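# Chain and residue survey
Single-letter residue listing:
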Amino acid sequence: MFKDTVEFIRQLYQTAEFIPLHEPRFSGNERAYVMDAIDSTFVSSVGAYVDRFENEFAAYTGAKFAIATVNGTAALHIALKLADVQPGDEVITQPLTFIATCNAISYCQATPVFIDVDRETMGLSPEKLEQWLQDNCRSDEQGCVNLSTGRIVRACVPMHTFGHPADIEGLARVCERYGITLVEDAAESLGSFVGDRHSGNFGKVAAFSFNGNKTITTGGGGMITTDDPSLAARAKHLTTTAKVPHKWAYAHDEIGFNYRLPNLNAALGCAQLEQLPGYIERKRWLASQYQTFFETQGIAFKVERSGTHSNYWLNALVLESAEQRDQFLGISNAAGVMTRPIWQLMSRLPMFADCQHGDLENALWLEQRVVNIPSSVILEG
C-alpha cells in the first residue's frame with residue numbers, strides 16, 4: 001500500500017530523483033527584482049521593495065496595515081507585545097504547533113497554557129477553550145485571571161495548522177467574552193480564507209511567515225498585520241530599534257528590536273506575491289489529486305473544513321496508529337520521498353513540561369497519526 005503511495009507521488013512530480021517536502025518555486029520576476037534592489041544600493045531595511053511588499057500584502061489579505069519583519073517568529077513576538085503581553089502573564093495556545101509559537105511567548109517572559117485542538121482542523125478548539133476558562137478562571141477589573149496561578153491570561157494564540165483555518169470565528173467569540181486578546185499565528189495560512197475573509201483578520205493582530213518552505217518565500221521573512229493604525233505604527237517603531245525619527249541624531253525611546261525585513265528579501269517577496277494566486281490554484285489541484293488517490297487506498301487525507309478555503313500548504317495524512325505512521329515514514333523516506341511526522345506536542349518538550357494544560361486527548365491522538373507528504377507547487381507544463 002505505501003509503495004503504491006510512493007509511486008503515485010513520483011508520477012505526480014514526474015521524477016525519479018529525491019522529492020523534498022516543500023521547496024520554493026522561482027519562475028517569475030524574482031531575479032529581476034533582486035538585481036534591481038542590488039543596483040539601487042538599498043539592500044538593507046530601507047528601500048522601495050519593502051514598502052511595496054507591505055502595501056501589496058495588505059491589499060491581498062484585506063488587512064489595513066502590514067509591517068514586514070525578518071522572520072515569522074519575530075512577527076509573532078512583536079504581535080504579542082502589541083497585545084500587551086507582560087512578563088508573568090499567561091498566553092493560551094495549542095500544544096500541536098511549531099515551536100516558534102511557544103518561543104515567541106517565552107520571549108515576552110510569559111507562560112504558555114496548552115488547550116486541546118479539534119481533530120477536524122488540528123487547530124485550537126473553541127469548546128475546549130471555553131470549558132477550561134469556565135473551570136479555571138474568573139474575570140475582574142484586572143482581566144481574565146487564572147485561579148490556580150493568580151496570573152493574567154492576556155492573549156490567545158491559535159495556529160492555522162498546515163494552512164487549514166481553525167474555527168477562528170468560534171475562538172474570537174470566546175476570547176471576546178473573557179476579555180482575552182486574540183493573536184493569530186497565520187504563519188502557514190497565506191491564501192487561506194474563512195468565507196471571503198482572509199486568515200489573520202479575526203483578531204487584534206496576526207503574524208505570517210515567508211520561510212523558505214512556505215507557500216511564498218522571501219528566504220527568511222515575516223509580516224505583522226492589523227487594522228489598528230496605532231498598533232501598526234508601534235509595530236514599525238519596535239521593529240526599527242525603537243528609533244525616534246530625526247534627520248541625523250540617533251535617538252531611541254525604549255528597548256527595540258532589529259527586526260525589519262531587508263529590501264533584498266522584500267524584492268523576492270514582491271515577485272513571489274505576484275505568483276501567489278497561481279500557486280494556490282496549483283496547490284489545491286495537487287490536494288485534489290491526493291484526495292482522490294487516498295480514497296482508493298482507504299487512507300484519511302486532511303481536507304478543508306466546510307466554509308473555508310485552504311491553501312493546502314502541507315498536505316497531511318492521518319494513519320491508523322503510531323506503528324503505521326512509523327512504517328510509512330520509513331518506507332517513503334528510504335525511497336527518496338520526503339515525509340515528516342507532525343510536531344511533538346509542545347507540552348511534552350522539557351522547557352514547557354511544567355506548563356498548565358487542559359485535556360489534550362485530540363492533540364495526542366493526532367500526534368501519533370499525522371504525517372506530511374510532498375506539497376511543493378507543481379507548475380503546469
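Here, the structure is the one placed above.
Note that this is a predicted model, so its numbers are computed, not measured.

### A word on the overall build of the protein
The secondary structure content of the protein amounts to eleven helices and 16 strands. Compactness check: the protein gives a C-alpha radius of gyration of 21 Å against a globular reference of 21 Å for 381 residues, within 12% of the reference. Taking the principal axes of its C-alpha atoms as reference, the protein extends roughly 65 × 60 × 35 Å. Put simply, the protein has 381 residues, and 57% of those count as buried. Within the protein, counting contacts between residues at least 6 apart in sequence, those at least 24 apart form 71% of the total. Carbon and sulfur atoms make up 51% of the accessible area of the protein, which amounts to about 15900 Å² in all. Of the charged side chains in the protein, 31 are positive and 44 negative; the average position of the first set lies 3 Å away from that of the second.

### What to know about unusual backbone geometry
The phi angle at M122 is positive, at roughly 65°, despite the residue not being glycine. Relative to the elements of secondary structure, M122 occurs in the loop between β3 (111-114) and α6 (126-136). The exposure class of M122 is buried, given its relative accessible area of 0%.

### Points about the sheet that holds strand β16 (residues 370-373)
Strands sit in the order β12-β14-β16-β15 across an open sheet of four strands; the sheet is antiparallel. The open sheet is flanked by β12 (300-301) and β15 (340-341), the only strands paired with a single partner.

### Here we look at the state of the cysteines
Tallied over the full model, the rule gives zero disulfides. Of all cysteine sulfurs, the one in C102 lies closest to C108, which takes part in no disulfide; the gap is 12 Å. Between C156, a free cysteine, and C175, which holds the nearest cysteine sulfur, the sulfur-to-sulfur gap is 4.0 Å. When its relative accessible area of 1% is taken as the criterion, C156 is described as buried.

### Looking at the packing of helix α3 (residues 48-61) against helix α9 (residues 263-297)
In a packed pair of helices, the relevant descriptors are the angle between the two axes and the axis-to-axis distance. One can describe the packing of α3 onto α9 by two numbers: an axis separation of 7 Å at closest approach and a directional angle of 30°. Judged on the interaxial angle alone, α9 and α3 are roughly parallel. In the packing of α3 onto α9, the handedness of the crossing is left-handed. When α3 is examined against α9, the residues A48, Y49, V50, R52, F53, E56, F57 and Y60 are found in contact with a partner set consisting of N263, A266, A267, G269, C270, L273, E274, L276 and I280. Along the lines of polarity and charge, the residues of the contact of α3 with α9 split into twelve nonpolar, two polar and three charged.

### With respect to the side chain of R260
As for its position among the elements, R260 is in the loop between α8 (229-239) and α9. At 3.2 Å, the side chain of R260 and the backbone oxygen of A68 are in polar contact. Residues contacting R260, with those up to four places away along its chain left out, are S45, V50, E54, I67, A68, T69, V70, K236, T239 and T240.

### What to know about a nonpolar patch on the surface
Residues M35, I38 and V43 make up a contiguous nonpolar surface patch of about 230 Å² in total accessible area. Locating V43 in the fold gives a position in the loop between α2 (30-40) and α3.

Criteria and cut-off values
- Residues numbered from 1 in each chain as written.
- Predicted model: local features only at pLDDT ≥ 70, side-chain atom pairs only at ≥ 80, totals over all residues.
- Heavy atoms only, no water.
- Helix = DSSP H or I, 4+ residues; strand = E, 2+ residues; numbered from the N terminus.
- Rg over C-alpha atoms; globule rule 2.2 N^0.38 Å.
- Buried < 20%, exposed > 50% of the residue type's maximum accessible area, 1.4 Å probe, protein only.
- Contact = heavy atoms within 4.5 Å.
- Areas by Shrake-Rupley, 256 points an atom, 1.4 Å probe, with all protein chains shown as cover.
- Lys, Arg positive; Asp, Glu negative; His and termini not counted.
- Charge placed at Lys NZ, Arg CZ, Asp CG, Glu CD.
- Pairing = 2+ DSSP bridges.
- Disulfide = S-S within 2.5 Å.
- Axes fitted to C-alpha atoms, helices over the stretch in contact; angles between N-to-C directions.
- Parallel < 35°, antiparallel > 145°, perpendicular 65-115°, else oblique.
- Left-handed = near helix turned anticlockwise from the far one by under 90°.
- Nonpolar A, V, L, I, M, F, W, Y, C, P; charged D, E, K, R; others polar.
- Polar contact = N/O pair within 3.5 Å; in protein donor to acceptor, adjacent residues only side chain to side chain.
- Patch = residues over 30% accessible without salt bridge, like charges linked within 9 Å, V, L, I, M, F, W, Y side chains within 5 Å.
- Salt bridge = Lys/Arg side-chain N within 4 Å of Asp/Glu carboxyl O.

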